[in-house]
Amino acid sequence: MSSLNKELFGSDDEDDDDEVFGAQSPFSEPDDLPPDDATGRTSHDFHPDLYTPSFDPSNLDLFPSIPGLVLLRSALTHAQQSAIVRAVIDGGYFATPEQNQTMHFGKLPPHVDWLGGWTVEVQRKLKEEGREGLFPRAIVERTPLFDQAIVNLYTRGEGIKSHVDLARFADGILILSLLTSCVMTMRPASEASKVATTYNTNTLTTSTVSIPVLLRPGDVLSLSGPARYDWEHGIEERMFDVLPDGERIQRGTRISVTLRRMMGDGVVISGEVEGEEERGKERESWVTAGRRK
Ligand SMILES: O=C(O)CCC(=O)C(=O)O
Ligand SMILES: [Fe+2]
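Since this is a predicted model, take the numbers as computed values, not measurements.

So, how was this worked out
- Residue numbers here run from 1 along each chain, matching the order of that chain's written sequence.
- Note on labels: chains are lettered from A, ligands numbered from 1, in written order.
- Totals for whole chains, interfaces and linings use all residues, but because this is a predicted model, local features are given only for residues with pLDDT of at least 70 and pairs of side-chain atoms are given and counted only at 80 or more.
- In computing side-chain values, all of the structure's heavy atoms are included and hydrogens and water are not.
- Here a residue counts as near a molecule or strand whenever at least one of its heavy atoms sits within 4 Å of it.
- Each accessible area is a Shrake-Rupley estimate made with a 1.4 Å probe; only the visible protein chains count as cover when residues are assessed.
- Helix and strand assignments come from DSSP, with helices taken as H or I runs of at least 4 residues and strands as E runs of at least 2, each series counted from the N terminus.
- Each residue carries a pLDDT value, the predictor's own confidence for that position, ranging from 0 to 100.
- Whether two residues are in contact is decided by their heavy atoms: any pair within 4.5 Å suffices.
- Nitrogen and oxygen atoms within 3.5 Å of one another constitute a polar contact, given that in protein one can donate a hydrogen and the other can accept it, and given that sequence-neighbouring residues count only through two side-chain atoms.

## Concerning the site of ligand 1
- With respect to spatial proximity, 14 residues lie near ligand 1, and among them Tyr154, His163, His233, Arg254 and Ser256 are the closest.
- Look at ligand 1: alone it shows 290 Å² of surface, and the protein chains cover 98% of it.
- Among the elements of the structure, strand S4 (148–154), strand S5 (160–163), strand S10 (231–235) and strand S13 (254–260) are those that each provide at least two residues to the shell around ligand 1.
- Of all the elements, S13 adds the most residues to the shell around ligand 1, at four residues.

Right, dumping it as structure tokens:
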């Protein structure tokens, strides 16, 4: 039994799915489906009622000093969040302690791919209400909106070093937070980290300016323009976060899903994904799992 599964659901007994999702189980995985790619995973059916955005537009936070940063709080329903977490567990993403990151390229698996259509629908609703969208129009209208996804696992206390996402990724990044809260810290980027071709701690900003962004389960953060290119984002390693009003928020196990679009024809050029450099052109989709450095 995967310990993550046990921690989150108490048991890996398949009958428990009904208790978690009720009659709304959003993914089903028939026993006789053949594996659909090199991962050996099987396809999940997707129930389109999950597309219905259930958010409250007043949950939209903008950050005056960071243009392009948009936080939509409680963006996903509990059922939607649980569905993604369940698919991640069923997909064996974090079955061993050596794995805390899985990347998908090209055609994305259904449990993350639907977030593209969801984003377009959320943007439409926000605009309808006269609100700021998650992204500028040109980003939302591109096809595909996203063709790369990273699913990250953070055990309690873990973080991710401050960074600007590499230039091989286009503008327009969507980060979905699941399971527990954490504070993401935004800092003005150094000139070196803006042009870095690998995630390199030597290039990090020395600025003392830092803007905390509390990410709760079900929150979605979008980064475009200055927020994506001129600011670093990272998560400090700590067991709890302290909010500006003094409230202490305990960390726990967190899963995040980051959706991006590759530049150009989607070929991974170098570096970040070891052993993946040659792939991409001849494959419609591929996946790689490992440990975040
Ligand atoms: O886990 C997160 O919330 C952020 C992940 C991230 O920044 C990345 O994968 O580039
Ligand atoms: Fe990032």
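## Considering the confidence of the model for the protein chain
- Looking at the protein chain as a whole, the pLDDT averages 81, with 74% of positions reaching at least 70.
- Note that residues 12–43 has pLDDT below 50 and, in this model, 51 contacts with residues that lie over four places away or in other chains.
- Every residue in residues 268–281 scores below 50 in pLDDT, and together they form 28 contacts with partners more than four places removed in sequence or on other chains.

## Things to note about the environment of histidine 233
- Mapped onto the elements, histidine 233 comes out in strand S10.
- Residues histidine 233 and serine 210, 23 residues apart in the sequence, show an inter-C-alpha distance of 9.6 Å.
- Beyond its immediate chain neighbours, meaning those up to four positions away, histidine 233 contacts Lys161, Ser162, His163, Asp165, Met184, Thr185, Met186 and Leu223.
- Reaching out from histidine 233, the side chain makes a polar contact with the side chain of aspartate 165 at a distance of 3.1 Å.

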